[in-house]
Amino acid sequence: MNLYERFEKAFMPNYGVPPVALARGEGCTVWDVDGKPYLDLIGGIAVSSLGHAHPALVEAVSRQVATLAHTSNLFLHEPEVLLAEKLLDLLGAPARVFLCNSGTEANEAAYKLCVKYAKATGRSYFVAAENGFHGRTIGALSLTGKPSIREQFGPFPVDVRFVPYGDADALKNAVTDDCIAVFLEPTQGEAGVVPPPEGYFQAAREITSAAGALLVADEIQSAIGRTGHWFAHQAEGVTPDVLTLAKGLGGGLPIGACVGFGEHGTLFEKGDHGSTFGGNPVSCAAALAVLGNVDLEHVREVAARLRGGLEAIRHPLLKGVRGRGLWLALVLHEPVSAGVQKAAQDAGFLVNALQPDAVRLAPPLVITAEQVQSFVDALPGVLDHA
């Protein structure tokens, strides 16, 4: 029985059987169990910020696991304090941090923080974006605007009103003095790496501030240098009330964070929320290694080369490129993204068929110009075989 058959027999069928079984990785290259190499242009869904087996990550995790691997939240340890302080320094604004294990958990924490705000102010409903994605647990799923994954698990415990993403007028009409909070991604990730129109996030900040509603920025995918900035909202000149982080923060180890700015950082009182594994010393050590080794200038330079190369391609299947930094989508004229993913895999590149007409690229932030060029050069042939 091969590994694929063992997987299918042992696991619940929610993922299906993945098409590639990976055995190891180094830098931006991974090898499958048969020894075939691939250039990793998925990065564990925007997680592997430093690629695979990065020396700084290996050293930090090895040292920490040999020193103190777990404490629970009953005790504190220095790595969690150092990480919170580093995040606050990069954010450059007064705030408080809650550490958890994943993006969904970060959004659950943000949801509960907003509920605490609602109880203090008498507000009654949330606003979120159509096709937005905030997670799969019930609170986060309540805020997720994708009917295909949401509707079968209702009813939900909270009133959420969905508006078209990028439509500032629709957002303004939906946000009244009874609105608790607006949950938005600076760029919609799972919808197909869809940036909003220029000025949309600034408008969202003005609308929520005027109504006294909280603005929650879901940066699970967009933060930690992914767009060429530490946090995507910084490029917009906007400070949210609550920020959620995960994915790239741990470089491959599970960690998430919910950040409350100003007075919203102290809404939780003792006992209001918690996590047994949140702020785990090993995950915090990994996150500190990531934050100490992401080179934003390199990200910007190689992202410009990738985007420029992709936009120069003329192929009847390729409609265009959208996204920011090293977080892009190849937009197709036809709904054949699965075919593109398979053709890329055959050619030695791992990409993600995100939507029927969109292929996601989210490579490690350490990808080189030469590796980027190898994909650009190969893409026309990949599209020919999609």
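Above: the structure in question.
Remember, it's a predicted structure, so these values are computed and weren't measured experimentally.

1. A few points about the environment of Gly320
Relative to the assigned elements, Gly320 resides in strand S11 (residues 318-324). In sequence terms Gly320 and Thr104 are 216 residues apart; their C-alpha atoms lie 31 Å from each other. Apart from residues no more than four positions distant in its own chain, Gly320 is found in contact with Ala329, Leu330 and Val331.

2. Describing the packing of helix H12 (residues 296-311) against helix H14 (residues 369-384)
It is the contact of H12 with H14, at a shortest axis distance of 9 Å, that shows an interaxial angle of 10 degrees. The angle between the axes of H12 and H14 places the two elements in the roughly parallel class. Of H14, the residues touching H12 (which contributes Val302, Arg305, Leu306, Gly309 and Leu310) are Ala369, Val372, Gln373, Phe375, Val376 and Leu379. Looking at side-chain class alone, the contact of H12 with H14 contains eight nonpolar, two polar and one charged residues.

3. Some remarks on the packing of aromatic side chains
The full count for this structure, using the stated rule, is five aromatic pairs. A ring pair is formed by Tyr165 and Tyr200, whose centres lie 5.4 Å apart and whose planes are at 70 degrees; its orientation type is edge-to-face. Here Tyr200 lies in helix H9 (residues 200-211) and Tyr165 lies in the loop between strand S6 (160-163) and helix H8 (168-174), a separation of 35 residues in the sequence. No difference in accessibility class separates Tyr165 from Tyr200, as the two residues are buried. A network of ring pairs unites the aromatic residues Tyr111, Phe126 and Phe183 as a single cluster. We note Arg24 situated over the ring of Trp31; from NZ or CZ to the ring centre the distance is 3.9 Å. The aromatic ring of Tyr125 is capped on one face by Arg161, whose charged end is 3.6 Å from the ring centroid.

Cut-offs used in this document
Residues numbered from 1 in each chain as written. Predicted model: local features only at pLDDT ≥ 70, side-chain atom pairs only at ≥ 80, totals over all residues. Heavy atoms only, no water. Helix = DSSP H or I, 4+ residues; strand = E, 2+ residues; numbered from the N terminus. Contact = heavy atoms within 4.5 Å. Axes fitted to C-alpha atoms, helices over the stretch in contact; angles between N-to-C directions. Parallel < 35°, antiparallel > 145°, perpendicular 65-115°, else oblique. Nonpolar A, V, L, I, M, F, W, Y, C, P; charged D, E, K, R; others polar. Phe/Tyr/Trp six-rings, centres within 6.5 Å; stacked < 30°, edge-to-face > 60°. Buried < 20%, exposed > 50% of the residue type's maximum accessible area, 1.4 Å probe, protein only. Lys NZ or Arg CZ within 6 Å of the ring centre and 35° of its normal.

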